[in-house]
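# Architecture at a glance
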Amino acid sequence: MSTRVLPEFRLIVPSTVDEAIRILGERQEKVSILAGGTDILVEMKCTEKGAETLIKIGRLSELDFITYTPEDGLSIGSLTLVRTILDSPIMKQRFPLMVDAARDFANIQIMNMGTLGGNVCNASPAGDFLPCLLAMNAEVVLRSLAGQRHVKISEFFTGPRKCQIRRDEIAVAITAPGQANQYTSGFVRFTRTAEDLAKVSAAVMLNVTDGRFRDVRIALGSVAPTPIRVPAAEVFLENKDVSDAVIGEAAIIAQGAVSPISDLRSTADYRIAITRVAVKRAIALALTRGNAQ
């Protein structure tokens, strides 16, 4: 892939979300949303893809927030930075798997520029936060001139770098249900270098009651055209005694559910093999956290 000079484009900087949505709805030429710019500017420079107009929303503070109540659940503004998630007391207490993903997120420069909404809407199968959000039963909140709608994260991704956001919509928030204290979680990923995309990632949420698994959620990244849940492994673990043998069998079931590709980061065979390890380690991390509570 050859590097090109960044093509010319028109830059519009709205002062409010409503203004950004109005501009997006009215523009007829090729338009893209610019948040942190860690994906789109690289794409414009290194590929034939481009935009005649960029609507820069990165400074809209009304989309930069993290709130949580047990009744209303979690709500994260789409412009919330990776670094903010890493440092958030709410996320550390309630959703530490998101903190795990943020901690492993590229480098400090990207952490200070990249946004949650950008990671979600870029829709890469290797997006670090995406398996976590799948395990959390999250939803994406989309807004346009026609109004606001919620899309389940499990239905949001339609293919590699493809998702259900329409041309006239902006992702304004990501939400997730409130989590009881007995839930515990873990996220792990395998990669070539700390700054590279994941070869395989796994996110787990689970409950242990009387030594048995309850309500297990297992999500994987970089092993299919989109991030995926593994319902067969989840069902297998339900009401099973917590043991290394049971966890190992669940990991094998998860391994059988993946359909990865070979690319410059990894072979498909390696991704299949390491899926089993990723699932076992994510479950082990979750159990360790649960024991520490």
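Structure first, text after, so check above.
Below is a short write-up of the structure. (Residues numbered from 1 in each chain as written. Predicted model: local features only at pLDDT ≥ 70, side-chain atom pairs only at ≥ 80, totals over all residues. Heavy atoms only, no water.)

## So, the environment of Ile 85
Relative to the assigned elements, Ile 85 resides in helix α3 (residues 82-87). For the pair formed by Ile 85 and Leu 287, sequence separation is 202 residues and the distance between their alpha carbons is 22 Å. For Ile 85, the contacting residues outside a window of four places in its chain are Ile 66, Thr 80, Met 91, Met 98, Val 99, Ala 102, Leu 116 and Phe 129. (Helix = DSSP H or I, 4+ residues; strand = E, 2+ residues; numbered from the N terminus. Contact = heavy atoms within 4.5 Å.)

## Describing the environment of His 150
Considering the arrangement of structural elements, one finds His 150 in strand β7 (residues 147-152). Residue His 150 is classed as partly exposed on the basis of its relative accessible area of 47%. As a C-alpha pair, His 150 and Ala 171 span 21 residues in sequence and 9.7 Å in three-dimensional space. If we skip the residues at most four places from it in the chain, His 150 touches Glu 139, Val 140, Val 141 and Thr 175. Of note is the side chain of His 150, whose polar atom sits 3.2 Å from the side chain of Glu 139. (Buried < 20%, exposed > 50% of the residue type's maximum accessible area, 1.4 Å probe, protein only. Polar contact = N/O pair within 3.5 Å; in protein donor to acceptor, adjacent residues only side chain to side chain.)

## Describing the sheet that holds strand β14 (residues 228-229)
One open sheet holds the four strands; their spatial order is β11-β12-β13-β14, and the pairing between them is antiparallel. Across the chains shown, the open sheet's two edge strands, defined by having one partner strand only, are β11 (183-191) and β14. Summarising the sheet, strand β12 (residues 198-209) and strand β13 (residues 212-221) pair through eight bridges and their orientation is antiparallel. Across the sheet, Ala 203 pairs through a bridge with Ala 219, a residue of β13. Seen against the sheet, helix α5 (residues 96-103) touches β11 and β12 and runs at an angle of roughly 20° to β11. (Pairing = 2+ DSSP bridges. Axes fitted to C-alpha atoms, helices over the stretch in contact; angles between N-to-C directions.)

## Remarks on helix α1 (residues 17-26)
Buried residues of α1: Val 17, Ala 20, Ile 21, Ile 23 and Leu 24, and no others. End-on view of α1: buried residues confined to an arc of 165°, all on one side of the axis. Those residues of α1 that are buried are in contact with β1 (10-12), β2 (31-34), β3 (53-56), β6 (139-144) and β10 (170-176). (Arc of directions from axis to C-beta.)

## Quick look at the pairing of β11
Of all the nine residues making up β11, eight are buried; the element is thus mostly covered by neighbouring parts of the structure. Here β11 pairs with β12 via nine bridges, running antiparallel. Of the residues in β12, the one forming a bridge with Phe 190 is Val 200.

## Points about the packing of aromatic side chains
Applying the stated criterion across every chain yields a total of three aromatic pairs. Between Tyr 68 and Phe 95, the aromatic rings sit 6.0 Å apart at their centres with planes inclined by 75°, giving edge-to-face as the arrangement. In this pair, Tyr 68 is assigned in strand β4 (residues 66-69) and Phe 95 in the loop between α4 (89-94) and α5, connecting sequence segments 27 residues apart. Comparing Tyr 68 with Phe 95 shows no difference in burial state: the two are buried. Ring centres of Phe 105 and Phe 129 lie 5.5 Å apart, and the angle between their planes is 25°; this geometry places the pair in the stacked category. Of this pair, Phe 105 sits in the loop between α5 and α6 (108-111) while Phe 129 is found in helix α8 (residues 129-135), placing the two residues 24 residues apart along the sequence. The residues Phe 105 and Phe 129 share a single accessibility class, namely buried. A cation over a ring is seen here: Lys 199 above Tyr 270, with NZ or CZ 4.9 Å from the ring centre. The lysine or arginine in question, Lys 240, covers the ring of Phe 236, its NZ or CZ lying 4.3 Å from the ring centre. (Phe/Tyr/Trp six-rings, centres within 6.5 Å; stacked < 30°, edge-to-face > 60°. Lys NZ or Arg CZ within 6 Å of the ring centre and 35° of its normal.)

## Digging into the pairing of β7
Two strands pair when backbone bridges link them, and β6 and β7 are joined in this way by six bridges, in the antiparallel orientation. Bridge pairing links Leu 142 to Arg 149 in β7. Between β6 and β7, which pair antiparallel one after the other, the connecting turn spans two residues.

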